[in-house]
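Below, each chain spelled out in residue letters.
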Amino acid sequence: MKHTEYDLVIIGGGPAGLTASIYAARARLNTLVLEKSAPGGQILVTDWIENYPGFPEGLSGADLVMKMTDQAKRFGVEIETSQVKSMDVAESVKKLVLNDRTITCKAVIIATGASPRKLGVPGEAEFYGKGISTCATCDAPFFKNSVVAAIGGGDTAVQESIFLTRFVDKVYLIHRRDQLRATRILQERALENDKIEVVWDSVLSSVNGSVSGVESITIENVKTGEQLGIAVEGCFVWVGITPNTSFLNDAIQVDQGGFIVVNAKMETSVPGIYAAGDVRNTPLRQVATAVGDSAIAAFEAANYIEMLEDH
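Residues numbered from 1 in each chain as written. Predicted model: local features only at pLDDT ≥ 70, side-chain atom pairs only at ≥ 80, totals over all residues. Heavy atoms only, no water.

(A) Quick peek at the nonpolar core. Core analysis: the biggest nonpolar cluster contains 54 residues, and Leu8, Val9, Ile11, Met87, Leu96, Ile109 and Ile110 have the highest contact counts within it. If we ignore the near neighbours within four places in the chain, the residues touching Ile109 are Leu8, Val9, Ile10, Ile11, Ala20, Tyr274, Ala276, Ala297, Ala298 and Ala301. Within the second largest apolar cluster, 20 residues are counted, among which are Ala157, Val168, Val171 and Phe236. (Core = buried A, V, L, I, M, F, W, Y, C linked by side-chain atoms within 4.5 Å. Buried < 20%, exposed > 50% of the residue type's maximum accessible area, 1.4 Å probe, protein only. Contact = heavy atoms within 4.5 Å.)

The following block contains the structure:
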């Protein structure tokens with residue numbers, strides 16, 4: 001029989017959720033992790049991670065998640081494949097509606113992450129994580145001395161394109177308009193950078209390659225309709241990210257982008273509800289920052305539960 005009452009429920013089984021569960025279990029909280037698919041989240045599509053401390057040779061996203069999952073289970077964490085449909089968190093007892101039942105808990109950590117927006121073009125799904133990336137900080141070193149494409153024109157696209165030039169020989173920055181949307185100083189840096197060539201008024205039509213990876217992209221000029229092929233070894237896509245928060249139903253304060261607003265203690269606008277990792281309003285979305293957020297969130301949740309029980 002599955003339990004229906006918990007001290008803490010963690011929604012999301014990526015690095016943030018798994019880290020929170022380890023801290024919570026060590027604080028002797030009866031903890032449940034809910035993950036709608038396989039534990040790992042976005043990190044599962046990350047081919048290789050080289051910037052997470054403690055692994056000098058690097059490791060795959062799947063390997064890191066497996067180690068985190070094993071560690072959580074060793075401390076007795078319950079991990080269930082289930083999706084939260086809705087939640088009622090106004091009272092001290094929080095109610096979460098799942099597919100098959102309703103569960104209650106004293107505190108919740110939301111660690112559902114965010115998903116990069118997809119363009120839906122041919123080749124995108126096929127080469128995602130195998131030449132197509134949404135994170136220069138993670139993957140730029142794999143493209144040393146290569147030619148790559150970058151799609152987008154906002155702050156992230158331009159900033160990450162500049163970062164790419166530390167490693168690659170050339171970046172084709174593909175933008176659908178005739179001027180960038182990024183802040184002026186970033187635009188100036190990009191336009192002055194010899195390694196960046198901006199291709200204006202153009203959109204990505206397809207990503208092309210073979211079993212060995214990405215070999216070229218096809219772009220289309222939005223004004224003339226002309227198609228052009230460009231030889232590249234990688235393609236970075238920055239057309240925005242969407243927080244995975246559709247189940248919240250306005251129960252918690254979010255910012256303009258839909259990301260959960262928290263304070264330094266990872267507390268949301270509702271007492272007993274915390275958020276950690278990519279789902280919150282944060283300047284950097286990395287495994288290392290998700291892990292840090294989650295340690296704080298779990299520590300604060302344990303304090304909150306203890307305070308509840310004392311009253």
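(B) Quick peek at the layout of surface pockets. As a volume, the second largest pocket reaches approximately 220 Å³. Along the walls of the second largest pocket sit 14 residues, with Leu119, Ile151, Arg176, Val203 and Val239 positioned nearest its centre. At three residues, the largest contribution of residues to the lining of the second largest pocket is made by strand β12 (residues 202–210). Of the residues contributing to the lining of the second largest pocket, the split by class is seven nonpolar, four polar and three charged. (1 Å grid on protein atoms, 1.4 Å probe; cavity = no way out; pocket = protein on both sides within 12 Å on 5 of 7 lines; lining within 4 Å. Points joined across faces, edges and corners; volume = space filled by probe spheres on them. Helix = DSSP H or I, 4+ residues; strand = E, 2+ residues; numbered from the N terminus. Nonpolar A, V, L, I, M, F, W, Y, C, P; charged D, E, K, R; others polar.)

(C) Here's a closer look at the pairing of strand β6 (residues 102–110). In this structure, strand β1 (residues 5–11) lies alongside β6, joined through six bridges in parallel fashion. When the bridges of β6 are listed, Glu5 appears paired with Thr104. Examined bridge by bridge, strand β5 (residues 94–98) and β6 share four bridges and lie antiparallel to one another. Within β6, the position partnered with Leu96 by the bridge is Ile103. Between β5 and β6, which pair antiparallel and follow one another directly, the connecting turn spans three residues. (Pairing = 2+ DSSP bridges.)

(D) Spatial organisation of the sheet that holds strand β13 (residues 213–221). Strand order in the open sheet made by the three strands is β12-β13-β14, with antiparallel pairing throughout. The open sheet terminates on both sides in strands that have one partner only, identified here as β12 and β14 (227–231). Across the sheet, the mean angle separating the axes of adjacent strands is 25° when strand polarity is ignored. Where β13 lies against β14, five bridges are found, and the strand directions are antiparallel. (Axes fitted to C-alpha atoms, helices over the stretch in contact; angles between N-to-C directions.)

(E) Local environment of the packing of aromatic side chains. Scanning the entire structure with this criterion turns up four aromatic pairs. A ring pair is formed by Tyr52 and Phe55, whose centres lie 6.3 Å apart and whose planes are at 25°; its orientation type is stacked. A centroid spacing of 5.4 Å and a plane angle of 70° characterise the contact between Phe143 and Phe236, whose relative ring orientation is edge-to-face. One end of the pair, Phe143, is in the loop between α4 (136–139) and β9 (147–151); the other, Phe236, is in strand β15 (residues 234–237), with 93 residues separating them in the sequence. Considered together, Phe143 and Phe236 belong to a single accessibility category, that of buried residues. Following the ring pairs from residue to residue traces out a cluster consisting of Phe143, Phe236 and Trp238. Above the plane of the ring of Phe75 lies Arg74, whose end atom (NZ or CZ) is 5.0 Å from the centre. A cation over a ring is seen here: Arg285 above Phe259, with NZ or CZ 4.1 Å from the ring centre. (Phe/Tyr/Trp six-rings, centres within 6.5 Å; stacked < 30°, edge-to-face > 60°. Lys NZ or Arg CZ within 6 Å of the ring centre and 35° of its normal.)

(F) Here's a closer look at empty space enclosed by the protein. Applying the stated criterion to the full structure yields one cavity of 30 Å³ or more. Here the largest cavity defines a volume of roughly 30 Å³. In terms of lining residues, the largest cavity is bounded by Pro116, Arg117, Lys118, Glu124, Tyr128, Ile132, Thr134 and Val237.

(G) Molecular detail of unusual backbone geometry. The phi angle at Asn145 is positive, at roughly 60°, despite the residue not being glycine. Following the sequence through the fold, Asn145 ends up in the loop between α4 and β9. With a phi close to 65°, Met266 is a non-glycine residue in the positive phi region. Summarising the element assignment, Met266 is placed in the loop between β16 (241–243) and β17 (273–275).

Coordinates in, geometry out; function isn't part of it.
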